[in-house]
Amino acid sequence: MSTLVIVGAGPRATGLLERIAANATELLPADHPLEIHLIDPHPAGPGRIWRHEQSALLRMNSMAEDVTMFTDERSVIDGPVRPGPSLAEWAARPEEFAPYAPVGSAAVAAELRTLAPTDFPTRRAQSAYLDWVFRRALAELPPQVTVTVHRDTVLSVSGPADGPQLVELSDRVLTADQVVLTLGHLAAAPDARHDRFAAFAERHGLRHLPPAFTADADLSGLAPGEQVLVRGFGLAFVDLLVLLTEGRGGRYEEGPDGRLRYLPSGAEPVLHVGSRRGVPYHSKTGYRLQGPPAPLPRYFDQVAVDGLLALPGELELRRDVWPLMAKEIGFGHYHELFHAHPGRVALGWPEFLAGYDRLGWYDEELTELVAKAVPDPADRLDFERLDRPLAGREFTPEEFQAHLLGYVEADADRRADPAHSADLGAFLALLSLFGQLPRLGAAGKLTDRSVAEELDGWWFGFFSFLASGPPGFRLRELIALAEAGVVRFLGGELRIGTDERRGTFTAASPQVPGHLVHGTALVECYLPEHTLERSTDPVLRALFDTGAALAQPATGLLLVDPADGRVLSPDGAPHPRRTALGPYTTSRTHTAFARPRTNAPGFRQNDAVVRGLLTALRAADLGVRL
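Residues numbered from 1 in each chain as written. Predicted model: local features only at pLDDT ≥ 70, side-chain atom pairs only at ≥ 80, totals over all residues. Heavy atoms only, no water.

Visitor: Please give an account of the packing of aromatic side chains that cites residues and values.
Guide: By convention here, two paired aromatic rings are described through the distance between centres and the angle between planes. Per the stated rule, a full pass over the model turns up 36 aromatic pairs. Ring centres of W322 and W459 lie 6.1 Å apart, and the angle between their planes is 50°; on these two criteria the pair is classed as tilted. In this pair, W322 sits in helix 8 (residues 317-340) while W459 sits in helix 15 (residues 448-467), placing the two residues 137 residues apart along the sequence. Given a relative accessible area of 0%, W459 falls into the buried group. (Phe/Tyr/Trp six-rings, centres within 6.5 Å; stacked < 30°, edge-to-face > 60°. Helix = DSSP H or I, 4+ residues; strand = E, 2+ residues; numbered from the N terminus. Buried < 20%, exposed > 50% of the residue type's maximum accessible area, 1.4 Å probe, protein only.)

This is how it looks when you write it as structure tokens:
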């Protein structure tokens, strides 16, 4: 008999169970019992982030048809492909997919009955889907595999590399042949910058909320009418906005012109929001491609990355890699523009593509080609303008409010209009980069500075800004809230300070020179950084504090073998019995859920890890040393 302990029982753990069921026939003999222990204080399947017990107002930022937990014909894996329904397909007829069980919440069941493929579901609806996927994964396991779920927290993992691992829970110790950490998104202790603001808040009786998952944060201390400074304009802010407005009894009313008007309850604080860019994340598109899908990847494929890795010396992301990435995104954008909207281009696609293939993204000749082929500048892709839309501009406070309202409304309009479906073409090409980007990051060719400042500090923020924004209706709600005076815009390059004399936090932006905003609360509205040094997860802290796990110097992430996720020991060797997967590791995949028919990196990783685990377990049972 072999024992596998999986620490964390959310979607990633479910994906591993599904792959164990798929690969067991080939790799696990029928006479080889495998005992699996799943350990998580939250419900198995949804886990913490997707648990049912959160506000019914919170939604996913993906359409129902774009979320799947199953491999398909596009998945390039060594194990068997086992198709299954997307969230949209399952919601349309849940009773047809075994093992069927009625959804426990009447409100969620009602939502599922009317959920359209292009709707943005509530997180509770996703929780129901994940619960079913988990039950299906259990049902498909072969008879020799048993699963025990522990609603508990793992405190530590210990044991020699060549012997059993001891997994300490609150009330028992499990002995395991293999341990896999699938901990998901984690909390972190505040850093020194946040400590300074926390101390100021305590000294002056103010409120300071460090980075956290908004659904888990205690917002009760933010009083009605209180002037609250908010640093962060991404998805965490969207959740904050929902919970402090509709979540406190406010509601929206649609006027005859289709515009929303917010009717306050009187319990809302006033939110002054800013960030580095000073604008919210771009909303998700609300339409499908209007032309044929672009054949991706074209420029940032395996051959291209092989070429980069073969170059002498270290690489810099912005200098050496980004031009190929940008060209790939541009290919998706222009492929859709030329094929779906031929009336807006002045050249034929073959002629344009011949020049595009030959030229680099930042070549002056390519700029000239695009200007010649695409007459309207609004149809051209300009990453620098997208990345810093407020750069070099100055406004009075009221001018800035009007400008931001216009910016947000224009973005919401554009992302709802299929005439701009080239944006979706760019989005899909953007996602395709993750087919090779993890491989590049894992190769160790990027300089430490580039990993910290360019890969983590710029690229992933830019990706989220372009591709991980909220549904379009959330921007419509933001406009209504700003018009109602519940939200005020601060600007970009936000500077947060303190005023000892007045006992307030302060906020300023170079976009609104000379304007200082005071607040009695500060919300750091972005996710905690996944660094081992500040992780509050007990098992990670124990591994790090005892020197059994290493943090990547540039990022603080848990160092793992890029090939199979095995935790790197202090001597740099992969630990033969410990594996870690997720956003806190150097092999993170960066997408929450897979889109169907995209050969998702997460599926490839799950399959490779499970095949390695089953092979190691079988070999150990036979007394073979691999």
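Visitor: An account of the pairing of strand 1 (residues 2-7) is requested, with residue identities and associated values reported.
Guide: Here strand 1 lies mainly inside the structure; six of its six residues are buried. Alternating residues of strand 1 divide into S2, L4 and I6 and T3, V5 and V7, and every residue in both groups is buried. Sheet analysis places strand 1 next to strand 2 (residues 34-39), joined by six bridges and oriented parallel. For T3, the partnering residue across the bridge sits in strand 2 and is E35. Handedness of the strand 1-helix 1 (residues 11-27)-strand 2 crossover: right-handed. In terms of strand pairing, strand 1 meets strand 7 (residues 178-181) through four bridges, oriented parallel. Residue pairing for strand 7: L4 is matched across the bridge by Q178. (Pairing = 2+ DSSP bridges. Right-handed = clockwise from strand over helix to strand, strands pointing away.)

Visitor: Talk me through the nonpolar core; I want residue IDs and the actual numbers.
Guide: With 92 residues, the main nonpolar core has Y334 and W459 as its most contacted residues. Each residue touching Y334, except ones within four places of it in the same chain, is listed here: W349, F352, Y356, V370, V374, D379, R380 and L381. Membership of the second largest hydrophobic core comes to 26 residues, among which are A24, V180, L581 and L613. (Core = buried A, V, L, I, M, F, W, Y, C linked by side-chain atoms within 4.5 Å. Contact = heavy atoms within 4.5 Å.)

Visitor: Can you lay out the pattern of salt bridges for me, pointing to particular residues and giving the numbers?
Guide: Per the stated rule, a full pass over the model turns up 40 salt bridges. Residue R82 is joined to E140 by a salt bridge in which the shortest nitrogen-to-oxygen separation is 3.7 Å. On the criterion of sequence distance, the pair formed by R82 in the loop between strand 2 and helix 2 (87-92) and E140 in the loop between helix 4 (123-139) and strand 3 (145-150) is long-range, its members being 58 residues apart. One salt bridge in this structure joins R414 and D423, with 2.6 Å as the shortest N-O distance. Among the charged side chains, a network of salt bridges with common partners joins R277, D387, R388 and E493. (Salt bridge = Lys/Arg side-chain N within 4 Å of Asp/Glu carboxyl O.)

Visitor: Describe in detail unusual backbone geometry, supporting the description with residues and values.
Guide: Of the consecutive residues A98 and P99, the connecting peptide bond is found in the cis state with omega at -5°. With respect to the element layout, P99 can be found in the loop between helix 2 and helix 3 (106-114). Cis rather than trans, the peptide bond between L296 and P297 has omega equal to -5°. Among the secondary structure elements, P297 is positioned in the loop between strand 12 (270-274) and helix 7 (302-310). A positive phi is found at E493, a non-glycine position, where the angle reads about 45°.

Visitor: How would you sum up the side chain of Q165? Please name residues and give values.
Guide: Structurally, the position occupied by Q165 is in strand 5 (residues 165-168). A distance of 2.7 Å separates the side chain of Q165 from the side chain of R578, its partner in a polar contact. Apart from the residues lying within four places of it in its own chain, the contact partners of Q165 are V157, S158, G159, P160, L174, T175, A176, V179, H575, R577 and R578. (Polar contact = N/O pair within 3.5 Å; in protein donor to acceptor, adjacent residues only side chain to side chain.)

Visitor: Give a description of helix 4 that names residues and reports values.
Guide: The end-to-end C-alpha separation of helix 4 is 24 Å, in line with the 24 Å expected for 17 residues at 1.5 Å each. Counted residue by residue, helix 4 has twelve buried out of 17 residues, so it is predominantly covered. Among the residues making up helix 4, those that are buried are R123, A125, Q126, S127, A128, Y129, L130, W132, V133, F134, R136 and A137. Residues of helix 4 that are buried sit in contact with helix 1, strand 2, helix 2, helix 3, strand 3 and helix 6 (235-244). (Expected span 1.5 Å × (residues − 1).)

Visitor: Any chance you could break down the packing of helix 1 against helix 4 for me, citing the residues and the numbers?
Guide: At their nearest, the axes of helix 1 and helix 4 sit 9 Å apart, and the two run at 30° to each other. In terms of their interaxial angle, helix 1 and helix 4 are classed as roughly parallel. Crossing hand, helix 1 versus helix 4: left-handed. Contact residues: helix 1 offers P11, T14, L17, E18 and A21, while helix 4 offers L130, V133, F134, A137 and L138. Considered class by class, the residues forming the contact of helix 1 with helix 4 number eight nonpolar, one polar and one charged. (Axes fitted to C-alpha atoms, helices over the stretch in contact; angles between N-to-C directions. Parallel < 35°, antiparallel > 145°, perpendicular 65-115°, else oblique. Left-handed = near helix turned anticlockwise from the far one by under 90°. Nonpolar A, V, L, I, M, F, W, Y, C, P; charged D, E, K, R; others polar.)

Visitor: Talk me through the sheet that holds strand 6 (residues 173-176); I want residue IDs and the actual numbers.
Guide: In a beta sheet, neighbouring strands pair by backbone hydrogen bonds and run either parallel or antiparallel. Ordered in space as 4-5-6, the three strands form an open sheet in which the pairing is antiparallel. At either end of the open sheet lies a strand with only one pairing partner, and these are strand 4 (156-158) and strand 6. If you compare each strand with its neighbour and ignore which way they point, the axes differ by 20° on average. Relative to strand 6, strand 5 runs antiparallel, the two sharing four bridges. Paired with V167 across the strands is L174, a residue of strand 6.

Visitor: Describe the environment of L366, listing the residues and the values that go with them.
Guide: In this structure, L366 sits in helix 10 (residues 364-373). Residue L366 is classed as buried on the basis of its relative accessible area, which comes to 2%. Considering only alpha carbons, one finds L366 and A44, 322 residues apart in sequence, at a separation of 51 Å. Not counting the four nearest positions on each side in its chain, L366 is found in contact with Y356, L359, G360 and W361.

Visitor: Lay out the sheet that holds strand 16 (residues 517-519) in plain terms, naming residues and giving numbers.
Guide: As summarised here, the arrangement of the three strands in space is 14-15-16, forming an open sheet in which the pairing is antiparallel. Lying at the two open borders of the sheet, with one neighbouring strand each, are strand 14 (495-499) and strand 16. Between one strand and the next, the sheet's axes are offset by a mean angle of 30°, whatever the strand orientation. Along the sheet face, helix 5 (residues 192-204) touches strand 14 and strand 15 (504-508) and points at about 35° away from the line of strand 14.

Purely spatial values, then, with no claim about function.
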